[in-house]
Every structure is written in C-alpha cells, then in structure tokens.
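# Structure assessment
Chain by chain, the residues run as shown.
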Amino acid sequence: MAHIIDGKRISQEIKDELREQTAKLKEQGISGCLAVIQAGADPASSVYVRNKKRACEYIGIESRSFELPEETTEDELLALISQLNADETVTGILVQLPVPPQIDENKIIQAISPQKDVDGFHPHNVGALLSGLAGFVSCTPAGVIQLLKRSGIEIAGKSCVVVGRSNIVGKPMAVLMLRENATVTIAHSKTENLRSVCQQADILIVAAGRPKMIDASYIKEGAVIIDVGIHRNAENKLCGDVDYDSVLPLVRAVTPVPGGVGPMTIAMLMHNCVEALKQQGGVQEI
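Quick look at the structure, then.

A volume near 1,400 Å³ is recorded for the largest pocket. Secondary structure elements with two or more residues in the lining of the largest pocket: helix 1 (7-27), helix 2 (43-59), strand 4 (92-95), helix 6 (139-150), strand 9 (231-232) and helix 10 (262-280). Per-class residue counts for the lining of the largest pocket are 24 nonpolar, 13 polar and 8 charged. Along the walls of the second largest pocket sit 26 residues, with Gly135, Val137, His271, Asn272 and Glu275 positioned nearest its centre. Those elements that place two or more of their residues in the lining of the second largest pocket are helix 1, helix 5 (123-131), helix 6, helix 7 (170-179) and helix 10. Looking at the lining of the second largest pocket, its residues break down into 11 nonpolar, 9 polar and 6 charged.

Right under this line is the structure:
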C-alpha cells in the first residue's frame, strides 16, 4: 500500500514550530515584517498573497501588503523595493510573480536585498546554494526536502531524477538533493528516452509543467514520487504533472495534488522569514 505523503500535516507541523520560535524572539524584543508586493490583479496571485498573509498572522510575523495597479512601471516598482530595502523594520521582501509584461522580472529579483530575499531567488542566494554556503533557499525545493525527511524517506545514496530545469524549482531541487547525497539526474523536454531515464529513479521529482505527463510507464516499482505540478483539468479540478491514479498501485510513496507539495511552499517561506528575523536580530540559536 502506497504511503500518501500529507503535505498539509507536515506544513502545519513546521508552522507550529515556527510560531514557537517567533514567540521566543518576541520575548527578546526581536520582531519583523514581511513586505508582500503584488503588481496587477492576477486571480491566482491574489490567492497566493492572501495565503501568505494568513501564514504570517499564524506564526506571529507582521505582513505589509503593497497592491499596485497593472500599469505600474518598472521604475515605480524598483523605487518601492529600494525603499523597503532601506526600512529596518522590514525583514523580508517578496514580489509576487509573474509581474506585468512591462516589468523585467530579473531586474526586480536582483533589486531585492539578498538579506531580505525570502523567496531565495536572488543570484547571491542561488550562488550560495550552489557553493554550499548559507543563504535563503527557494521555498518549493526546500519544502520537498522536508516532505521526504519528515516522511522517513532515505535520500542518501538513492538515484533521484528531477524532471524540469526551471530556476525556481528544477535546478535548486537538483542541488538540494545532491546536498543530501543523492545521485541526481536532471531531465527535461529535450531529454532522449525520458521514460527510461525516469524508470531508473528511486525518487522521482516532477516539475515539468504538463498535466498528467508522468504515468505508470515512467515509474520503477517501489519508487517515491514527488509531484510539484498544479493544473486545472477539463472538469476544473486540480491535478499535477503525475497521473496519480495510474502510478498509485506501483509506488512506495507519493504526494497528492492538492495537499502535497503546495502547502509546503508557504511553510518554507515562513521558515525563511523567521531565519531573516534571526539574522537581522543577531540571533544564532533560540
């Protein structure tokens, strides 16, 4: 019987731990604030922003919301980021992606102070990850590591295939699995014999961006499957990059969609917010 990895339960565990840490920091007079910037009114982005605000409230960190119109210019957004970088009461800055087309996403990411880049997207933090140095780690890949560890799944020595090579998920995911001593293959849309590559995986992490792309024919029996994708099917129901019903009889463990990786992304954002609070408050351990 496959183990269904419960991202909701694990994310709640993490948020409860962070809530305790935040309370202890407040006892030492250390508090902070997450500034969340949204340019435009993309409905999915609005949902994500609302969930982030709720998570901040739960763990005890103030959040400030900056809701900018769709026609906001790049210079206006850069000026706001500069203002927040200089504000000592703001310990984390997050710009909800995607931004409107007139704004260069890379410029925005690079404008955020690396010490306040709780999304872990700034080149400084990406470079730190690659070099094995301390820094903020992209939230979704960090969440996957926690899902595996807190589900008792051994990573060291295992064959891991990551399907997808995005800067936000695929690449940092591969580096984090290397850090945990897995043997890692990165596969993507140009990979030859993708099915046979995936069949070698003890741990298959799918962030391909294509609904139900991975079915039972891609899976080695007894593998662990982490599905990072999220889509709406023809019936408007949420589904992932993995054909869940197809792989379920074969696997040792699998994440559902929804309720798997998704809740972990916000939990790890909160983790980064607390780390920022500790660093800027000069606290090593609580």
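Quick look at the nonpolar core now. Residues Leu148, Met177, Ile203, Ile205, Ile226 and Met270 are the most contacted members of the largest nonpolar core, which totals 54 residues. The element contributing the most residues to this core is helix 10, with 10 residues. Those residues in contact with isoleucine 203 that lie beyond four places of it in its chain are Leu148, Ile153, Glu154, Ile155, Lys158, Ser159, Cys160, Val161, Met177 and Val224.

A few words now on the pairing of strand 6 (residues 183-187). Remark: a regular strand shows side chains that alternate across the two faces of the sheet. In the sheet, strand 5 (residues 159-163) pairs with strand 6 via 5 bridges, with the strands oriented parallel. Bridge pairing in strand 6 places serine 159 opposite threonine 183. Between the parallel elements strand 5 and strand 6, the chain passes through helix 7 in a crossover that is right-handed.

Calculation rules
- Residues numbered from 1 in each chain as written.
- Predicted model: local features only at pLDDT ≥ 70, side-chain atom pairs only at ≥ 80, totals over all residues.
- Heavy atoms only, no water.
- 1 Å grid on protein atoms, 1.4 Å probe; cavity = no way out; pocket = protein on both sides within 12 Å on 5 of 7 lines; lining within 4 Å.
- Points joined across faces, edges and corners; volume = space filled by probe spheres on them.
- Helix = DSSP H or I, 4+ residues; strand = E, 2+ residues; numbered from the N terminus.
- Nonpolar A, V, L, I, M, F, W, Y, C, P; charged D, E, K, R; others polar.
- Core = buried A, V, L, I, M, F, W, Y, C linked by side-chain atoms within 4.5 Å.
- Buried < 20%, exposed > 50% of the residue type's maximum accessible area, 1.4 Å probe, protein only.
- Contact = heavy atoms within 4.5 Å.
- Pairing = 2+ DSSP bridges.
- Right-handed = clockwise from strand over helix to strand, strands pointing away.

Note that every value here comes from positions in space, so none of it alone points to a role or purpose.
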